[in-house]
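# Inside the fold
Letter by letter, the chains look like this.
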Amino acid sequence: MTSPRQKTSKLSRPRRTRSSRPPDPSDLEDDWSFYFSNEPSEEFGYYGSGFLEAARILARSFARRRGTRNIDILPVLFLYRHSIELLSKAVVLSGNRLMQKSGEGHDECDIFASFGRSRHRLLPLLDSIKQVFEYAHWEWHWPKSAIESFDDARRVIEDLDDLDPDSFNFRYPTNIRGERAISATRLIGRRTILAVLDDLAESLDTAVFGLDAECSRE
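The structure displayed is predicted, hence computed values, not measured ones.

### A closer look at the packing of aromatic side chains
Counted under the stated rule, the structure contains nine aromatic pairs. Geometrically, the ring pair formed by Phe36 and Tyr46 is stacked, given 6.4 Å between the ring centres and 5° between the ring planes. Placement of the pair is Phe36 in the segment before helix H1 (44-64) and Tyr46 in helix H1, with a sequence separation of 10 residues. Among the residues examined, Phe36 registers a relative accessible area of 44% and is labelled partly exposed. By the ring-pair criterion, three or more aromatic residues cluster together here, those being Phe133, Trp138, Trp140 and Phe150. The ring of Phe115 has Lys89 sitting right over it, with the charged end atom 5.2 Å from the ring centre.

### A few points about the pattern of salt bridges
If charged atoms from side chains of opposite charge come close, those side chains can pair. In the structure shown here, the tally under the stated rule is 15 salt bridges. A salt bridge links Glu202 to Arg56; the shortest N-O distance between them is 2.8 Å. Separated by 146 residues along the polypeptide, Glu202 in helix H6 (residues 190-217) and Arg56 in helix H1 bring together distant segments of the chain. Judged by relative accessible area, which is 12%, Arg56 ranks as buried. Asp164 serves as the salt-bridge partner of Arg81, at 3.7 Å between the closest nitrogen and oxygen. Pair noted here: Arg81 is in helix H2 (residues 73-100) and Asp164 is in the loop between helix H5 (150-163) and H6, with a separation of 83 residues, a long-range link. Taken together, the salt bridges that share partners define one network made up of Arg81, Glu85, Lys89, Arg121, Asp161 and Asp164.

So, how was this worked out
- Residues numbered from 1 in each chain as written.
- Predicted model: local features only at pLDDT ≥ 70, side-chain atom pairs only at ≥ 80, totals over all residues.
- Heavy atoms only, no water.
- Phe/Tyr/Trp six-rings, centres within 6.5 Å; stacked < 30°, edge-to-face > 60°.
- Helix = DSSP H or I, 4+ residues; strand = E, 2+ residues; numbered from the N terminus.
- Buried < 20%, exposed > 50% of the residue type's maximum accessible area, 1.4 Å probe, protein only.
- Lys NZ or Arg CZ within 6 Å of the ring centre and 35° of its normal.
- Salt bridge = Lys/Arg side-chain N within 4 Å of Asp/Glu carboxyl O.

What follows is the structure, given as structure tokens:
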């Protein structure tokens, strides 16, 4: 696995406006664009890296602040979980493009159909990720972490899927039936889970970078 994707640089702060009307994009010092490439299906890695960087920035901000609240962990967890979902899907998509070069990949429409069936679940993506690694002749190896092996990564994702299976529980206090989303008896170590999720997200980001590099060389 190669080095992780280059992290995004700090964005300029928008210029304040004295007008009482809602800000228009033309009022901002820099224009924002949602266009990253000609193929949006190839942008999952960029989105995943963006959410990963946001999670890290927010986590560092909370760590520097005096006093903490239980509620502070929720947006950080959501950002990490969403980055892991995006980067997992990016591994599957980039790996499939690499496999297509030798005629072993699937039609990309079938890949997105499988995403639709699994929705936001993470566990259904693991078998496809493992298949990609086997095709690339890679071994999952992230030393000195809780995800050193693929089996370790699977256990972390199983725990994450149990805690928030549908990318819902970190965003809402209840499910759609009005029941508590996460059990009141459920406790997690804040520093531990953030460190583990950061390692998992970065390992996936590294894999996407490597797969994209392999695709460009073929």
